[in-house]
Amino acid sequence: MSLFSSIFASKKNSSQDLIINGNIPKHVAIIMDGNGRWATKRHLPRSAGHRAGVESLREIINASIEIGVEYLTVYSLSSENWKRPESEIKFLMKLFLATIKNELRLLMEYGVRLRLVGDRKSLPPEVVEAYEEAEKKTSENTKLNFNIALNYGSRQEILDAFKILGKKINSGELNIEDICIKDLSDNLYTKDIPDPDFLIRTSGEHRISNFLLWQISYSELYFTKVLWPDFKRKHFIKAIDEYQKRNRRFGKL
Ligand code: IPE
Ligand code: IPE
Ligand code: MG
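Residues numbered from 1 in each chain as written. Chains lettered and ligands numbered in written order. Predicted model: local features only at pLDDT ≥ 70, side-chain atom pairs only at ≥ 80, totals over all residues. Heavy atoms only, no water.

Caption draft 1: Broad picture of the side chain of Ser219. Positionally, Ser219 belongs in the loop between strand S5 (198-201) and strand S6 (220-223). One polar contact links the side chain of Ser219 to the main-chain carbonyl oxygen of Pro196, over a distance of 2.7 Å. (Helix = DSSP H or I, 4+ residues; strand = E, 2+ residues; numbered from the N terminus. Polar contact = N/O pair within 3.5 Å; in protein donor to acceptor, adjacent residues only side chain to side chain.)

Caption draft 2: Spotlight on unusual backbone geometry. Positive phi, close to 55°, is recorded for Asn151, a residue that is not glycine. Along the chain, Asn151 turns up in strand S4 (residues 144-152). Look at Asn151 and you get buried, because its relative accessible area is 3%. Unlike most non-glycine residues, Asn210 shows phi in positive territory, near 65°. (Buried < 20%, exposed > 50% of the residue type's maximum accessible area, 1.4 Å probe, protein only.)

Caption draft 3: View of the site of ligand 1. Around ligand 1, 13 residues are found, and the nearest of them are Asp33, Gly36, Arg37, Arg46 and Arg84. Asn35 places a polar main-chain atom, nitrogen or oxygen, 3.2 Å from an oxygen atom of ligand 1. The separation between an oxygen atom of ligand 1 and a polar side-chain atom of Arg46 is 2.9 Å. For ligand 1, the accessible surface in isolation is 380 Å², of which the surrounding protein chains cover 87%. Of all the secondary-structure elements, those providing two or more residues to the shell around ligand 1 are helix H2 (35-41), helix H3 (46-67) and helix H4 (86-110). Each residue belonging to the shell around ligand 1 can be placed in one class, and the counts come to two nonpolar, six polar and five charged. (Near = heavy atom within 4 Å. Areas by Shrake-Rupley, 256 points an atom, 1.4 Å probe, with all protein chains shown as cover. Nonpolar A, V, L, I, M, F, W, Y, C, P; charged D, E, K, R; others polar.)

Caption draft 4: Broad picture of the packing of aromatic side chains. Counting across every chain of the model gives eight aromatic pairs. When the ring of Tyr152 is compared with that of Phe211, the centres are 5.8 Å apart and the planes differ by 90°; the resulting orientation is edge-to-face. Taken together, the residues span a long stretch of sequence, with Tyr152 in strand S4 and Phe211 in the loop between S5 and S6 at a distance of 59 residues. Neither residue differs from the other here; Tyr152 and Phe211 are each classed as buried. (Phe/Tyr/Trp six-rings, centres within 6.5 Å; stacked < 30°, edge-to-face > 60°.)

Caption draft 5: How the structure looks around the site of ligand 2. Around ligand 2 sit Ile31, Met32, Asp33, Tyr75, Ser76, Leu77, Asn81, Arg84, Arg201, Arg207 and Ser209, and that is every residue in its neighbourhood. A distance of 2.8 Å separates an oxygen atom of ligand 2 from a polar side-chain atom of Asn81. Arg201 is positioned such that a nitrogen or oxygen atom in its side chain is 3.3 Å from an oxygen atom of ligand 2. Burial of ligand 2 by the surrounding chains reaches 79%, relative to a free accessible area of 390 Å². No other element matches the three residues that strand S2 (residues 71-78) contributes to the shell around ligand 2.

Caption draft 6: Quick peek at the sheet that holds S2. The six strands are arranged S3-S4-S2-S1-S5-S6 in an open sheet whose pairing can be described as parallel. A strand with exactly one partner marks an edge of an open sheet, and here the two such strands are strand S3 (112-117) and S6. Strand-to-strand twist across the sheet, computed as the mean angle between neighbouring axes with direction ignored, equals 20°. Inspection of the sheet shows S3 paired to S4 by six bridges, in the parallel sense. Its bridge partner being in S4, Arg113 is matched across the sheet by Asn145. Packing of helix H5 (residues 125-137) onto the sheet brings it into contact with S3 and S4, and relative to S3 it is tilted by some 145°. (Pairing = 2+ DSSP bridges. Axes fitted to C-alpha atoms, helices over the stretch in contact; angles between N-to-C directions. Contact = heavy atoms within 4.5 Å.)

Printed below as a string of structure tokens:
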């Protein structure tokens, strides 16, 4: 029985009824998209959609712990999102700061380890400080590895890894012929984090938008029309159920 059918067969929704059968993706990555459209549909400012998105994230973190997902990586701000109006960026920065300050206690209570994935240089120092403090405080937690991609861009990440390797070649520390795939992986922001097994994108867009290009080589992709602020535990369970029906071959027969 798949995870989804086992939950619905039970007709209850409490975690005790959740029959967890093997095939849970170890690492789930999510492109949390559709906040703006969610708000516009309700004649609200886009900021209301971003706020509502935080609620969904809290629920999905809980669901991940409940189901036994080990790594959850969420796309919160892309390096391309700086092209948005300054007022939206300013709002988002305030929201990122307030959220980590408000939620740190819960992360500790739930045993969540937080990691910031992205280019820290052009983020406001107070945001970086707050997230770095949370990284330190939560570093011993083991229930869930929660990675937040903030000011993240995959092409830049790969380019930066190339530069690090290039310097090592120049200094003679590395021989060009010896460079292997692991050398590149080990110089990405996501070093020490396994590749995602499952990538979810909400809001009906069928694109990757510069997210984890290297890391999702063999991830299963899942697209849903549900807008991120509407994406809740039941949608997540449904997505995981779909994952469990996939046949991952990695090139084999
Ligand atoms: C995703 O929602 C959140 C961020 C990119 C920060 P959007 O803000 O992209 O919402 P839509 O896609 O415009 O509806
Ligand atoms: C991707 O969503 C980035 C995040 C969800 C943080 P966008 O809304 O920025 O992507 P595009 O512009 O539709 O490709
Ligand atoms: Mg969007």
